[in-house]
Amino acid sequence: MKLLDGKKLSLELQTEIAAEVEAHVANGGRKPHLAAILIGDDPASKAYVGHKVKACAKAGFESSLIEREGDISQSELLDMVRELNEDDSIDGFIVQLPLPSHIDNQAVIEAVKPSKDVDGFHPENVGRMALGLPTFLPATPGGIMTLLERNGVKTTGMHAVVIGRSDIVGNPMTTLLSRNAEPGNCTVTQCHSRTVDLKSHTLKADLIIAAVGKPHFVTADMVKEGAVVVDVGINSIEDSSRKSGRRLTGDVDFDNVAEKCSLITPVPGGVGPMTIATLLQNTLRARLASKR
Ligand code: GUN
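Anyway, here's the lowdown on the structure attached to this text. If you're wondering where the values come from, they're calculated on a predicted model, not measured in any experiment.

Quick look at the pairing of strand E5 (residues 159-163)
Within E5, 5 of the 5 residues are buried, which leaves it mostly tucked inside the rest of the structure. Two strands pair when backbone bridges link them, and E5 and strand E6 (residues 187-191) are joined in this way by 5 bridges, in the parallel orientation. By the bridge assignment, Ala-160 is partnered in E6 with Val-188. Traced from E5 through helix H7 (residues 170-178) to E6, the parallel crossover comes out right-handed.

Describing the site of the ligand
Surrounding the ligand, one finds Lys-52, Val-95, Gln-96, Leu-97, Asp-119, Phe-121 and Ile-168. Contact distances for the ligand include 2.9 Å between a nitrogen atom and a backbone N or O atom of Val-95. With respect to the ligand, the side chain of Gln-96 contributes an N or O atom lying 3.3 Å from a nitrogen atom. Relative to its unbound accessible surface of 280 Å², the ligand loses 85% to contact with the protein. Each residue belonging to the shell around the ligand can be placed in one class, and the counts come to 4 nonpolar, 1 polar and 2 charged.

Observations regarding the nonpolar core
Counting 27 residues, the largest nonpolar core has Leu-148, Leu-177, Leu-207, Ile-209 and Val-230 as the members making the most contacts within it. Sorting the residues of this core by element identifies helix H1 (6-26), helix H6 (139-150), E5, H7, strand E7 (207-210), strand E8 (228-231) and helix H10 (271-289) as the ones contributing at least two each. A per-element tally of this core places H6 first, with 4 residues. Apart from the residues lying within four places of it in its own chain, the contact partners of Leu-177 are Met-145, Leu-148, Ala-160, Val-162, Gly-184, Asn-185, Cys-186, Val-188, Leu-207 and Ile-209. Counting 20 residues, the second-largest nonpolar core is a separate cluster that includes Ala-35, Ile-66, Met-80 and Phe-121.

Topic: H1
For H1, built from 21 residues, the straight-helix expectation of 30 Å at 1.5 Å per residue is met to within 8% by its first-to-last C-alpha distance of 30 Å. Looking one or two places after H1, you find Gly-28, whose phi comes out positive at around 90 degrees.

A closer look at the sheet that holds strand E2 (residues 33-39)
Sheet architecture is open: 3 strands sit in the order E3-E2-E4, paired in parallel fashion. Unpaired on one side and paired on the other, strand E3 (62-68) and strand E4 (92-95) mark the two borders of the sheet. Within this sheet the neighbouring strands show an average axis-to-axis angle of 15 degrees, counted without direction. Note that E2 and E3 share 7 bridges and pair parallel.

Comments concerning a negative patch on the surface
On the surface, Asp-41, Asp-42, Glu-69, Asp-71 and Glu-76 cluster together into a negatively charged patch. Within the element layout of this structure, Asp-71 appears in the loop between E3 and helix H3 (74-86). You can call Asp-71 exposed: its relative accessible area is 64%.

Some thoughts on the packing of H6 against H7
The interhelical angle for the contact between H6 and H7, taken along N-to-C directions, is 35 degrees, at an axis separation of 9 Å. The handedness of the crossing between H6 and H7 is right-handed. Of the residues in H7, those touching H6 at Pro-141, Gly-142, Ile-144, Met-145 and Leu-148 are Pro-172, Met-173, Leu-176 and Leu-177. Tallied by class, residues from the contact of H6 with H7 come to 8 nonpolar, 1 polar and no charged.

Regarding the packing of H6 against H10
Closest axis-to-axis distance for the H6/H10 pair is 7 Å, and the angle between their directions is 105 degrees. The orientation of H6 relative to H10 falls into the category roughly perpendicular. Here Ala-139, Thr-140, Gly-142, Gly-143, Ile-144, Thr-146 and Leu-147 of H6 lie close against H10, whose contacting residues are Val-271, Met-274, Thr-275, Thr-278 and Leu-279.

A few points about H6
Structural remark: α-helix, 3.6 residues per turn; residues separated by three or four positions point the same way. Counted at 1.5 Å a residue, the expected span for H6 with its 12 residues is 16 Å, and the 16 Å between its end C-alpha atoms agrees. For H6, the full list of buried residues reads Ala-139, Thr-140, Pro-141, Gly-142, Gly-143, Ile-144, Met-145, Thr-146, Leu-147 and Leu-148. Buried residues along H6 sit in contact with H1, H7, E7, E8 and H10. Immediately downstream of H6, the backbone of Gly-152 shows phi near 70 degrees, a positive value.

Notes on the environment of Pro-141
Mapped onto the fold, Pro-141 is located in helix H6. As for Pro-141 and Gly-170, which are separated by 29 residues in sequence, their C-alpha atoms are 8.2 Å apart. Once residues within four sequence positions are removed from consideration, Pro-141 is found in contact with Ile-168, Val-169, Pro-172, Met-173 and Leu-176.

Calculation notes
- Per chain, the residues get numbers from 1 upward, laid out in the order the sequence is written.
- Restriction of local features to residues with pLDDT of at least 70 applies here, the model being predicted, together with a cutoff of 80 or more for giving and counting side-chain atom pairs; totals for whole chains, interfaces and linings are based on all residues.
- Side-chain measures were taken over the full set of non-hydrogen atoms in the model, leaving aside hydrogen atoms and water.
- Think of it in three bands: with a 1.4 Å probe and only protein chains considered, a residue is buried below 20% of the maximum accessible area for its type, exposed above 50%, and partly exposed in between.
- In DSSP terms, a helix is any run of H or I states spanning at least four residues, a strand is any run of E spanning at least two, and both are numbered starting from the N terminus.
- Strand pairing is assigned whenever DSSP identifies at least 2 bridges connecting the two strands.
- A clockwise path from the first strand over the helix to the second, with the strands pointing away from the viewer, defines a right-handed crossover.
- We call a residue near a molecule or strand as soon as one heavy atom of that residue lies within 4 Å of the molecule or strand.
- Each polar contact in these results corresponds to two N or O atoms within 3.5 Å; when the atoms are within protein, one needs to be able to donate a hydrogen and the other to accept it, and residues that are neighboring in sequence are counted only if both atoms are side-chain atoms.
- Throughout, the Shrake-Rupley method with a 1.4 Å probe supplies accessible areas, and for residues the shown protein chains are the sole cover considered.
- Residues are sorted three ways: Asp, Glu, Lys and Arg are charged, Ala, Val, Leu, Ile, Met, Phe, Trp, Tyr, Cys and Pro are nonpolar, and all the rest, Gly among them, are polar.
- We define the nonpolar core as a collection of buried residues of types Ala, Val, Leu, Ile, Met, Phe, Trp, Tyr and Cys that are connected through side-chain atoms lying within 4.5 Å of one another.
- Throughout, a contact is declared for two residues whenever any of their heavy atoms are within 4.5 Å.
- One fewer than the residue count of a helix, multiplied by 1.5 Å, yields its expected span.
- The axes used here are C-alpha line fits, helices contributing only the stretch in contact, and every angle between their N-to-C directions lies in the interval 0 to 180 degrees.
- Residues qualify for a patch when their relative accessible area is over 30% and they have no salt bridge, like charges being joined within 9 Å and the nonpolar side chains of Val, Leu, Ile, Met, Phe, Trp and Tyr within 5 Å.
- By definition, a salt bridge exists where a carboxyl oxygen of Asp or Glu is found within 4 Å of a side-chain nitrogen of Lys or Arg.
- Just so you know, the count uses Lys and Arg for positive and Asp and Glu for negative, and it drops His and the chain ends.
- In plain terms, the charge of a residue is placed at NZ if it is Lys, CZ if Arg, CG if Asp and CD if Glu.
- Note: crossing handedness is left-handed where the near helix turns anticlockwise from the far helix by less than a right angle, and right-handed where it turns clockwise.
- Should an angle fall under 35 degrees it is taken as roughly parallel, and over 145 as roughly antiparallel, whereas 65 to 115 is taken as roughly perpendicular and any remaining angle as oblique.

Here it is in structure tokens:
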């Protein structure tokens, strides 16, 4: 078994991005500027957004973190989005999800100007991705495709099983793996919470993408010998050996699955850092495409 080391690759990508920013600035360009809207005080969302803002500084980007209480009204949030759409100093922005339950997520996503939608969540960008047109790829699936590509994993002809059907991971992952490109060209089976006999599908998979949100959901008996396993889960579980009493773990029972597979992503240090690197790539692309 070999590790698909997302932490290492994301550092390489950040160095490449920083060099591009430096060249752009040396040519009289402005630094890319990413803004992030964070609503409420969910600790996981706070941590993710914190990582994104920190990565901006390392890559030579400007960043703005805009925090509001969880009781913000839908119209106030939509006004904030419209303000960022019109702000020429901002190249791209994200609204960290999930939003409080009184907010209509889709209305917020659709309010973001597609040219600044560096999350790739706007229906226009989702449609462009589905058609294979240039666009911002959603950061997690985009990062996984880069992780496979840069580790020389040839996916053409593979049978991929995606477990999950979220708009953020499962659905775009299915689209990208089945596209006519390398990486891609997979025969994809998309499984979800209503799939009957999940194991019968995963046992046929050359590539498993686990995006379930349940700790250690994918066990060794579900995995074919030599498979490639990508773990998208970031679950906080109790661990009395840690000072905090908790630790992060994935959707895959890593210790046992690792013995069977050819390549596997660790948690932490696998998909998470690739998500951030891809967000930076998208923001740099937004900056370079902008006439401002
Ligand atoms: N919540 C979980 N993943 C993401 C992401 O990639 N972008 C945003 N905006 N929210 C998320």
